[in-house]
Amino acid sequence: MAFLADKITNYLIARGVIAEEDYSIYHYGFQTGIELFICLFAGTIIACILNIFFEFIVVLSVLLPLRAYICGIHMKSFISCFFCSVVLVTCGPLLARNIMLSKLCIILVCIGIAVVLDRLAFITTKYQSDSEEVVFFARQRKRILVCILLILVLFSIFDAKGLMKQVLYALVVALVSVMAELVLIKQKDAPEISNPG
């Protein structure tokens, strides 16, 4: 995808649409956008084949906005990211259908995960961002989590327990992503702690 992003960015620079000093910003944006589009396109096709389109949409509606503000784990290559992402948003919802919890229990577990996720994501964003970004990310993350919990309550009111399970599943995926990133952070910091010189 880097090759295609490079071609698009260089074309826009040649046409005078963007400045040459902004190359890296635009290149990153185009590459990320192309990769996201490919993942979403493949996921949508698989979700339609598996007849889980609405579950897929609910999982995406929770994961995509959260993913931007939790600083969870990132794969090192597009292929591994593609495989992991598509499996998580297509096969995961099939497994989530089998969650055997009451509606109240799902709500309580989701609230607990949201609180833990917010606290752990504060650590990951603090590690990867400056103080202004950390505050901004925390504010956005809280808003998103409140919206997710409100949607969860609406699903409960309308007796859409199947969709409630998908919200729970998506929150668990987000939490696991943040926990995995915390493990990587600890591994990166461990040599510095053991060898201060």
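For the structure itself, consult the block above.
Keep in mind the model is a prediction, meaning the values are calculated, not measured.

When helices and strands are counted, the chain shows 7 helices and 0 strands. In the chain, the order of α-helices and β-strands from amino to carboxyl end is α-α-α-α-α-α-α. A principal-axis box enclosing the C-alpha atoms of the chain has dimensions of 55 × 50 × 25 Å. In the chain, of all internal contacts separated by at least 6 residues, the share reaching a separation of at least 24 is 78%. When the accessible surface of the chain is summed, it comes to about 11,900 Å², and 70% of that surface belongs to carbon and sulfur atoms. Averaging the locations of the 16 positively and 14 negatively charged side chains of the chain gives two centres separated by 11 Å.

Excluding glycine, most residues fall at negative phi; most peptide bonds, likewise, are trans. In this structure, N51 is a non-glycine residue whose phi angle is positive, near 60°. With respect to the helices, strands and loops of the structure, N51 is situated in the loop between α2 (23-49) and α3 (53-70). A positive phi is found at D159, a non-glycine position, where the angle reads about 55°. With respect to the element layout, D159 can be found in the loop between α6 (131-157) and α7 (161-194).

A cluster of nonpolar side chains, namely F37, F41, I45, I46, I49 and L50, defines an oily patch on the protein surface of about 580 Å² accessible area. Tracing the sequence through the fold places I49 in helix α2. Judged by relative accessible area, which is 65%, I49 ranks as exposed.

Below, the discussion takes up helix α5 (residues 103-128). Over its 26 residues, α5 runs 36 Å from end to end, which matches the ideal 38 Å to within 8%, given 1.5 Å per residue. Residues I106, I107, C110, I113, A114, L117, D118, A121, T124 and T125 constitute the buried set of α5.

Topologically, R141 is positioned in helix α6. Apart from residues no more than four positions distant in its own chain, R141 is found in contact with L66, Y69, I70, D118, A121, F122 and T125.

Let us look at the state of the cysteines. Working definition: the covalent bond between the sulfur atoms of two cysteines is a disulfide. Going through the model one piece at a time under the given rule, you end up with 0 disulfides. Of all cysteine sulfurs in the structure, the one in C110 sits closest to C147, which takes part in no disulfide; the separation is 15 Å. Take C147: its relative accessible area is 45%, and that puts it in the partly exposed class.

If you trace the backbone, C105 turns up in helix α5. On the basis of relative accessibility, which here comes to 29%, the residue C105 falls in the partly exposed class. Residues C105 and L149 lie 44 residues apart in sequence; the distance between their C-alpha atoms is 13 Å.

Glancing now at the nonpolar core. Residues L66, L117, V167 and L171 are the most contacted members of the largest nonpolar core, which totals 40 residues. Where this core is concerned, the elements lending two or more residues are α3, α4 (78-96), α5, α6 and α7. Broken down by element, the residue count for this core peaks at 12 residues, all from α7. Among all residues touching L171, those that are not within four sequence positions of it are V62, L66, C110, I113, L117, L145 and I148.

Moving on to the side chain of K165. Mapped onto the fold, K165 is located in helix α7. Put simply, K165 is tucked away with no salt bridge, and the nearest opposite charge, on E55, sits 9.5 Å away. Reaching out from K165, the side chain makes a polar contact with the backbone oxygen of I99 at a distance of 3.1 Å. Aside from chain neighbours lying at most four places away, what touches K165 is A96, R97, I99 and I106.

Position of I25 relative to the elements: it lies in helix α2. Residue I25 is classed as exposed on the basis of its relative accessible area of 59%. In sequence terms I25 and F82 are 57 residues apart; their C-alpha atoms lie 22 Å from each other.

Parameters and conventions
The written sequence of each chain sets the order in which its residues are numbered from 1. Residue-level local features of this predicted model are given only where pLDDT is at least 70; pairs of side-chain atoms are given and counted only at 80 or more, and the full residue set underlies all totals for whole chains, interfaces and linings. Hydrogens and waters are ignored; side-chain quantities use all the structure's heavy atoms. Strands here are runs of E lasting at least two residues and helices are runs of H or I lasting at least four, both read from the DSSP assignment and numbered beginning at the N terminus. By the convention used here, residues are in contact when the closest approach between their heavy atoms is within 4.5 Å. Each accessible area is a Shrake-Rupley estimate made with a 1.4 Å probe; only the visible protein chains count as cover when residues are assessed. The convention is simple: Lys and Arg are positive, Asp and Glu are negative, and His and the chain ends are not counted. The atoms used to mark charge sites are NZ of Lys, CZ of Arg, CG of Asp and CD of Glu. Excluding any residue in a salt bridge, patches collect residues exceeding 30% relative accessible area, merging like charges within 9 Å and nonpolar Val, Leu, Ile, Met, Phe, Trp and Tyr side chains within 5 Å. By definition, a salt bridge exists where a carboxyl oxygen of Asp or Glu is found within 4 Å of a side-chain nitrogen of Lys or Arg. Type-normalised accessible area, obtained with a 1.4 Å probe on protein chains alone, sets the label of each residue: buried when under 20%, exposed when over 50%, and partly exposed for intermediate values. To estimate the expected span of a helix, subtract one from its residue number and multiply by 1.5 Å. To count as a disulfide, a pair of cysteine sulfur atoms needs to be within 2.5 Å. What makes a nonpolar core is a set of buried Ala, Val, Leu, Ile, Met, Phe, Trp, Tyr and Cys residues whose side-chain atoms join them at distances within 4.5 Å. Polar contacts, as used here, are pairs of N or O atoms within 3.5 Å; protein pairs need one atom able to donate a hydrogen and one able to accept it. Residues neighboring in sequence count only if both atoms are side-chain atoms.

From the geometry alone we can't say anything about function, so treat these as descriptive.
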